[in-house]
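Okay, here's what each chain looks like letter by letter:
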Amino acid sequence: MAPTCKKWQISLMLKALEAKAMITRVPCREPATAKRVEITSSGLASLRIAMPIAIGVQREMFGADGEIGGPLLCALRHVEIGE
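Residue positions are counted from 1 within each chain, in the order its sequence is given. Predicted model: local features are reported for residues with pLDDT of at least 70 only, side-chain atom pairs are reported and counted for 80 or more only, and whole-chain, interface and lining totals are derived from all residues. Side-chain measures were taken over the full set of non-hydrogen atoms in the model, leaving aside hydrogen atoms and water.

A. Molecular detail of the overall build of the chain. In terms of helices and strands, the chain carries three helices and two strands. Counting from the N terminus, the helices are the DSSP runs of H or I reaching at least four residues and the strands are the DSSP runs of E reaching at least two. For the chain, the succession of helices and strands along the chain, N to C, is α-β-β-α-α. For the exposure calls, accessible area comes from a 1.4 Å probe over protein chains only, and a residue counts as buried if that area is under 20% of its type's maximum, exposed if over 50%, partly exposed in between. A burial count over the chain gives 7% of its 83 residues as buried. Contacts in the chain between residues at least 24 apart in sequence constitute 8% of all its contacts with a sequence separation of at least 6. Surface exposure here means Shrake-Rupley accessible area, sampled with a 1.4 Å probe, where a residue is shielded only by the protein chains that are shown. Accessible area for the chain stands at about 7000 Å²; split by element, carbon and sulfur atoms hold 65% of it. Whether two residues are in contact is decided by their heavy atoms: any pair within 4.5 Å suffices.

Spelled out as structure tokens, the structure:
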């Protein structure tokens with residue numbers, strides 16, 4: 001079963017990112033209640049700093065097992081689809 005995320009959880013996460021000027025929410029024409037999320041230059045700069053760190057932590061914790069196509073990710077995919 002795929003992980004689920006409640007609408008309010010996404011809203012809180014977006015509010016936090018918006019408060020840190022990492023994203024903006026732009027109203028859409030259709031539907032009028034929808035908003036498009038755009039990453040800001042500050043958000044992109046933060047992401048460029050954070051991603052190598054996150055990847056390094058993953059490699060440190062899981063080694064080759066955590067690489068794309070590695071045994072850990074394959075096993076997690078089997079769990080996700082219920083095999």
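B. Quick look at the layout of surface pockets. Taken as a whole, the largest pocket encloses approximately 190 Å³ of empty space. For the lining of the largest pocket, the secondary-structure elements that each account for two or more residues are α1 (7-19) and β2 (35-39). Sort the elements by how many residues they give to the lining of the largest pocket and α1 lands first, with four residues. The definitions used throughout rest on a 1 Å grid laid over the protein atoms alone, on which a cavity is an enclosed set of points accommodating a 1.4 Å probe that cannot get out and a pocket is an open set flanked by protein within 12 Å on both sides along at least five of seven lines; lining residues are those having an atom within 4 Å of a point. Grid points are joined across faces, edges and corners, and a volume is the space filled by probe spheres set on the points.

C. Seen up close, helix α2 (residues 41-62). If you check α2, its first and last C-alpha atoms are 31 Å apart, about what 22 residues at 1.5 Å a residue would give, namely 32 Å. Note on bend: the value at a residue is the angle between axes fitted to the seven residues ending there and to the seven starting there. At Ala-50, α2 is bent by approximately 25°, the largest bend along its length, and proline Pro-52 sits one to four residues beyond. One or two steps after α2, the chain reaches Gly-63, where phi turns positive at roughly 55°. By definition here, a helix of n residues has an expected span of 1.5 Å times n minus one.

D. View of unusual backbone geometry. Between Glu-30 and the following residue, Pro-31, the backbone shows a cis peptide bond with an omega angle of -15°. In this fold, Pro-31 is placed in the loop between β1 (23-27) and β2.

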